[in-house]
Amino acid sequence: MCGQNMNENKSWYALDFNRIAPLMVTLAFILVLIQYSFYPLEAFFYDLWVKLDFSHDDIHEKVVVVTLDDESDMFLGETYPYSYATHVRLMNRILQDKPGFVNYFVNLLEPDSEIESRYQDEFSDIIKKFSPRHEHFRFGTDIDTFGELLPPDKLKNIGYSLATLNRDSLLFAKDDVVRRAILTISGEDSLHLWTAKRYREMIGLSNDQEQYKGTYYSPEADANFVLFKYLFNPIKKGVIPTIPFHRVVVGHFPENYFANKIVLIGPQYLSNGADYVLTPFDKENIKVSKLTVHANIISSLINKQTVVEIKELYTKIAALLVSLILSLLISRVQPLRGLVMTVAIITTILLLSYISFSVFGVWIKLAHLILSVFVVYYIWVPFRAIEEYQRRYAIQEETKLLKQVDNLKQNFISLMSHDLKTPVAKIAGIADILKIKYDNTADQRSMLDNIVNATKELNSFITSILDLTKIESQNLTIIKESKDVNKLIELIVEKLRFEVGQKQMFLETELSPLYPIQIDVTLMNRVISNLVENAIKYAGKGKTVLVKTWDDADWVYIEVRDNGVGVSEEDILHIFDKFYRVKNDSTHAIKGSGLGLYLVKYFIELHNGSISAQSKLGEGTSFIIKLKNE
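This text gives an overview of the structure that appears in the document. (Residues numbered from 1 in each chain as written. Predicted model: local features only at pLDDT ≥ 70, side-chain atom pairs only at ≥ 80, totals over all residues. Heavy atoms only, no water.)

Focus on the overall build of the protein chain
Logical step 1: Scanning the protein chain for helices and strands turns up 17 helices and 24 strands.
Logical step 2: In the protein chain, which comprises 630 residues, the proportion classed as buried is 44%.
Logical step 3: Of the accessible surface of the protein chain, which amounts to about 34,300 Å², a share of 57% is contributed by carbon and sulfur atoms. (Helix = DSSP H or I, 4+ residues; strand = E, 2+ residues; numbered from the N terminus. Buried < 20%, exposed > 50% of the residue type's maximum accessible area, 1.4 Å probe, protein only. Areas by Shrake-Rupley, 256 points an atom, 1.4 Å probe, with all protein chains shown as cover.)

And the structure:
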């Protein structure tokens, strides 16, 4: 008992160590992992959600873009930023269509002649007439190394706001991709926020800045920022109505083309990389014009399609929880199931993150969560593999030992059975000689008959054990030949007539004409003999045993039926089991090994046939054999 307890304690310790060791290693790795910010990976998932986002907006109903480009240069015979006279012509054309708002992203120069100065004044007057209280027109300014690029002095009073595009160049992924919009800087609204507010007022919506979810303040920049959603693919052409500068100047555009729209006017030169930026839709090639991104930001702010960033602390806590849960799951299942669970958890995390982004505008950072899952998997799987290997090795060793024991058992049974057959045969022979050679009294003849019958029973039991040994060692082979089953049955029945008469029973046959089929005569003789002898043995005095045959196109049927005591429903389920015997008052005195029906079933299955049994207590039992009709 002490040795057993010590083994159990060792087993428990090994099992416990196999659980605790990887868990401690996992937690250590996760705690180190969450100390780092994997911004490139975060940016990958964020940009993926942006591209897959099913949020959309009818941006063509809000924004029209007018571009100063190479085509307009050639048509007008001017170069950027064009003369004030040309801009006057442009504004006259646009304002005739009564736009809602105009954002000017052109870096106009100070006039270099008196004529240009007069056109500058005229340009200013046109804008002031269109926007007397500075509520419909705004210059968009940018910032360079020298500071903010302001409009010319005479145009400053018209109104201007910062319209720089914030690139992630110093923070986050540091890849110069535009993901955030500037809402305010030094307390002043950016051009995007200014335009969005005015447009929302025009269509009767509120303008509470706090409603922009995800807004955060940066003390270094003294500015409020927010992640915005791209409501359309900026690479895809035709989403935003775009028209070249020169076509507007000559009036070549449909009527009401600018009516109540936000008109963005700015440069878009293919030869000037400064007019283009990187976006989540293409982070390698600068293909998206700034005007397109400006339009997207304004539309996002109008629709309040901004993004809330979940604090990194929460994702770190979630990473620890996911690690613990996954560790618990993997520690209790096989490695393959652990892989399936890992894939399922990663898929679930990605799906929840995507849905929260697209539906609720909530960005769940994924780097720590995804990496934690991979860390857990790659730490636990080797430990689980080692544990599984140890278990399999132990099972293999145990199996080898069991096979050796089984072989020894079979060899012992085989040797003992063979050795027993000889003395049993001698005893039977001596008993027969004594019966024949000597004049015995009635009691002596009875005792000699008992000896002969006992040796027959013992010989039958030894034969069953030998057959079982052959079956378990898979050394039993069958030799088929073409044989009429009816003739085999007739021989068996004839041999048992005397025994039936002795027990005052009836043995009947109903044999339909059959074609010969392929059977092993020796084995099938044992099968039918066993069934008929069992029926004679268990049916009882005065009962009838019927052997019946018939066939169809596929099968030959043999039925052995009696009207004896029958077998209970519980026993009938196990009647073909090895060493199983029905135990009741009527069968208690009947001798047997419990192998007969087990061997019958096995021999029939060797012939690719089947056997079934039906019985009712007090009504009798029926066995039906099916053999291939071939």
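Focus on the sheet that holds strand E22 (residues 555-562)
For sheets, the rule is that strands pair by backbone hydrogen bonds, running either parallel or antiparallel.
Logical step 1: Read from one edge to the other, the open sheet built from five strands follows the order E19-E21-E22-E24-E23, with strand pairing classed as mixed. Sheet topology places strand E19 (506-511) and strand E23 (610-616) at the edges, where each strand pairs with a single neighbour. Along the sheet, successive strands turn relative to each other by an average axial angle of 10°, direction set aside.
Logical step 2: Here strand E21 (residues 544-551) runs beside E22; their pairing, made up of seven bridges, is antiparallel. In the strand pairing of E22, Val547 is matched with Val560. (Pairing = 2+ DSSP bridges. Axes fitted to C-alpha atoms, helices over the stretch in contact; angles between N-to-C directions.)

Observations concerning empty space enclosed by the protein
Logical step 1: Overall, the coordinates contain one cavity of 30 Å³ or more when judged by the stated rule.
Logical step 2: In this structure, the largest cavity occupies an estimated 50 Å³ of space.
Logical step 3: Along the walls of the largest cavity sit Lys480, Ile517, Gln518, Ile519, His607, Leu627, Lys628 and Glu630, which together make up its complete lining.
Logical step 4: Of all the secondary structure elements, the ones that give two or more residues to the lining of the largest cavity are strand E20 (517-519) and strand E24 (620-628).
Logical step 5: Element by element, the count of residues in the lining of the largest cavity is highest for E20, at three residues.
Logical step 6: Residue classes in the lining of the largest cavity are distributed as three nonpolar, two polar and three charged. (1 Å grid on protein atoms, 1.4 Å probe; cavity = no way out; pocket = protein on both sides within 12 Å on 5 of 7 lines; lining within 4 Å. Points joined across faces, edges and corners; volume = space filled by probe spheres on them. Nonpolar A, V, L, I, M, F, W, Y, C, P; charged D, E, K, R; others polar.)

Examining the packing of aromatic side chains
Logical step 1: Throughout the structure, instances matching the rule amount to 26 aromatic pairs.
Logical step 2: Considering the side-chain rings of Phe253 and Tyr257, the 6.4 Å spacing of their centres and the 45° angle between planes classify their relative orientation as tilted.
Logical step 3: Tyr257 sits in the buried class, given a relative accessible area of 18%.
Logical step 4: Ring geometry for Phe253 versus Phe258: centroids 5.1 Å apart, planes at 70°, classification edge-to-face.
Logical step 5: Residue Phe258 is classed as buried on the basis of its relative accessible area of 0%.
Logical step 6: Aromatic ring contacts, followed pair by pair, group Tyr39, Tyr46, Phe172, Phe357 and Trp363 into a single cluster.
Logical step 7: Lying across the ring of Phe172, Arg180 places its NZ or CZ 5.3 Å from the centre.
Logical step 8: A cation over a ring is seen here: Lys626 above Trp555, with NZ or CZ 4.6 Å from the ring centre. (Phe/Tyr/Trp six-rings, centres within 6.5 Å; stacked < 30°, edge-to-face > 60°. Lys NZ or Arg CZ within 6 Å of the ring centre and 35° of its normal.)

What to know about the pairing of E22
Logical step 1: Of all eight residues making up E22, seven are buried, and the element is well covered by its neighbours.
Logical step 2: Connecting the antiparallel pair E21 and E22 is a turn made up of three residues.
Logical step 3: Both E22 and E24 contribute to a ladder of eight bridges, which runs antiparallel. Bridging from a neighbouring strand, Arg561 pairs with Ser622 of E24.

Some thoughts on helix H11 (residues 335-360)
Logical step 1: Taking 1.5 Å as the rise per residue, H11 with 26 residues should run 38 Å; its terminal C-alpha atoms sit 36 Å apart, in good agreement.
Logical step 2: Restricting attention to buried positions, one finds in H11 the residues Gly338, Thr342, Ile345, Ile346, Ile349, Ser353, Tyr354, Ser356, Phe357 and Ser358.
Logical step 3: At the exit of H11 stands Gly361, carrying a positive phi of roughly 65°. (Expected span 1.5 Å × (residues − 1).)

Focus on the sheet that holds strand E2 (residues 101-104)
Logical step 1: Read across the open sheet, the six strands follow the order E6-E3-E2-E13-E1-E12; overall the sheet is parallel. Every interior strand has two partners, whereas the edge strands, strand E6 (160-162) and strand E12 (242-244), have only one. Strand after strand, the sheet turns through a mean of 25° between neighbouring axes, direction not considered.
Logical step 2: Strand direction decides the pairing type here: strand E1 (residues 63-68) and E12, joined by three bridges, are parallel. What sits directly across from Val66, in E12, is Ile243.
Logical step 3: Along the sheet, helix H4 (residues 84-96) contacts E1, E2, strand E3 (137-141) and strand E13 (262-267); its crossing angle with E13, the most-contacted strand, is approximately 160°.
Logical step 4: Docked against the sheet, helix H9 (residues 290-302) engages E1, E2 and E13, running at close to 155° with respect to E13. (Contact = heavy atoms within 4.5 Å.)

Details of the pattern of salt bridges
Charged atoms that come close allow side chains of opposite charge to pair.
Logical step 1: The final tally for this structure, using the stated rule, is 18 salt bridges.
Logical step 2: Two residues, Arg118 and Glu114, come together in a salt bridge whose shortest N-O distance is 3.6 Å. Taken together, the residues span about one helical turn, with Arg118 and Glu114 both in helix H5 (residues 114-130) at a distance of four residues.
Logical step 3: Asp121 is paired through a salt bridge with Lys154; the nearest N and O atoms lie 3.7 Å apart. Separated by 33 residues along the polypeptide, Asp121 in helix H5 and Lys154 in helix H6 (residues 153-156) bring together distant segments of the chain.
Logical step 4: Judged by its relative accessible area of 33%, Asp121 falls in the partly exposed class. (Salt bridge = Lys/Arg side-chain N within 4 Å of Asp/Glu carboxyl O.)

Remarks on unusual backbone geometry
Logical step 1: That bond from Tyr80 to Pro81 is cis: its omega, 10°, falls within 30 degrees of zero.
Logical step 2: Structurally, the position occupied by Pro81 is in the loop between helix H3 (70-76) and H4.
Logical step 3: Although it is not a glycine, Lys98 sits at a positive phi angle of roughly 55°.
Logical step 4: By the secondary structure assignment, Lys98 is in the loop between H4 and E2.
Logical step 5: With a relative accessible area of 64%, Lys98 lands in the exposed category.
Logical step 6: Positive phi, close to 55°, is recorded for Phe172, a residue that is not glycine.
Logical step 7: Mapped onto the elements, Phe172 comes out in the loop between strand E7 (166-167) and strand E8 (178-185).

So, the nonpolar core
Logical step 1: Counting residues in each nonpolar core, the largest one holds 64 residues, and the members touching the most others are Ile262, Leu264, Val293 and Ile349.
Logical step 2: For this core, the element with the most residues is helix H12 (residues 367-437), which contributes nine residues.
Logical step 3: Contacts of Val293, omitting those with residues within four sequence positions, involve Leu165, Val178, Phe228, Tyr230, Val277, Thr279 and Val288.
Logical step 4: One finds Leu488, Val545, Ile625 and Leu627 within the second-largest nonpolar core, a separate group that totals 42 residues. (Core = buried A, V, L, I, M, F, W, Y, C linked by side-chain atoms within 4.5 Å.)

Interpretation in functional terms is not warranted from these geometric data alone.
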